[in-house]
Amino acid sequence: MARLLDLLQLGKSRGTKMTGSKTIEIRKLNSMTVGMVSFYSLANSNQTMLVHVSGNFIDNMFVHRHQTDQLLVVKGQILITTLHNRQYQYTFLSEKEPTIITIPPGVLHGAINLSEEPCIVVNAVLQHGQSDEKDYRPVKPPIPYDIDWAKKLFREHSFSN
């Protein structure tokens, strides 16, 4: 079932996924083009962070209690992992198709970058109260990632082939 959800999210299909009572939104950005320049409207935020994810890197996971992450890849490509009913959902993001994934508070999530190149991600954070130091401590994935599936997704959607 998780793999079916992954396939529905890739390519042109975008929408929402449920993780418990939390909704993860995936939204392709629209642009306005003037001449050779395209303007994208990103997301409102309380804080904006630039995140560098090294190539060939499999991240631990995080869960924020008082924060919504709004992630956009501006350079490279990455898989964002979220845990739902003890199964991972993988969402492929790349600079080639500007898309924001919105991860609400309470959703366990991480990142996998199987390309050789680093990935640069903008995180437009929405704060929902006082942040807690525990929100930024890495958590070991409670069940192993399906690395073979992640490799397959990278092969199918990677632009470095």
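Residues numbered from 1 in each chain as written. Predicted model: local features only at pLDDT ≥ 70, side-chain atom pairs only at ≥ 80, totals over all residues. Heavy atoms only, no water.

Asks: Please provide a residue-by-residue account of the packing of aromatic side chains, values included.
Replies: Following the criterion strictly, the structure yields three aromatic pairs and no others. Geometrically, the ring pair formed by Tyr 88 and Tyr 90 is tilted, given 6.2 Å between the ring centres and 55 degrees between the ring planes. The pair formed by Tyr 88 and Tyr 90 is uniform in burial state, with each residue classed as buried. With a centroid separation of 5.3 Å and 80 degrees between ring planes, the pair formed by Phe 92 and Phe 154 is classed as edge-to-face. Linking Phe 92 in strand 9 (residues 87-94) with Phe 154 in helix 2 (residues 147-157), this pair joins segments that are 62 residues apart in sequence. Comparing Phe 92 with Phe 154 shows no difference in burial state: the two are buried. Grouping aromatic residues by their ring pairs yields a cluster made of Tyr 88, Tyr 90 and Tyr 145. (Phe/Tyr/Trp six-rings, centres within 6.5 Å; stacked < 30°, edge-to-face > 60°. Buried < 20%, exposed > 50% of the residue type's maximum accessible area, 1.4 Å probe, protein only. Helix = DSSP H or I, 4+ residues; strand = E, 2+ residues; numbered from the N terminus.)

Asks: Please provide a residue-by-residue account of unusual backbone geometry, values included.
Replies: Residue Asn 85 is not a glycine yet carries a positive backbone phi of 50 degrees. Classification of Asn 85 as exposed rests on a relative accessible area of 65%. For Arg 86, which is not glycine, the phi torsion reads 60 degrees and is therefore positive. Here Arg 86 is to be found in the loop between strand 8 (77-84) and strand 9.

Asks: Tell me about the environment of Met 61, and name the residues and values.
Replies: Of note, Met 61 is situated in strand 6 (residues 57-62). Not counting residues within four places of it along the chain, the set of residues in contact with Met 61 comprises Thr 81, Tyr 88, Leu 108, His 109, Gly 110, Arg 137, Pro 138, Val 139, Pro 141, Pro 142 and Tyr 145. (Contact = heavy atoms within 4.5 Å.)

Asks: Quick rundown of the layout of surface pockets? Include the residues and the values.
Replies: Over the atoms a probe the size of a water molecule is rolled, and this reveals where empty space is left. In this model, the largest pocket occupies a volume close to 380 Å³. Val 51, Asp 59, Phe 62, Asp 69 and Asn 123 are, among the 20 residues lining the largest pocket, the residues nearest its centre. Listing elements by their share of the lining of the largest pocket, those giving two or more residues are strand 5 (47-53), strand 6, strand 7 (67-75), strand 8, strand 11 (109-113) and strand 12 (119-127). In terms of residue count, the dominant contributor to the lining of the largest pocket is strand 5 (four residues). (1 Å grid on protein atoms, 1.4 Å probe; cavity = no way out; pocket = protein on both sides within 12 Å on 5 of 7 lines; lining within 4 Å. Points joined across faces, edges and corners; volume = space filled by probe spheres on them.)

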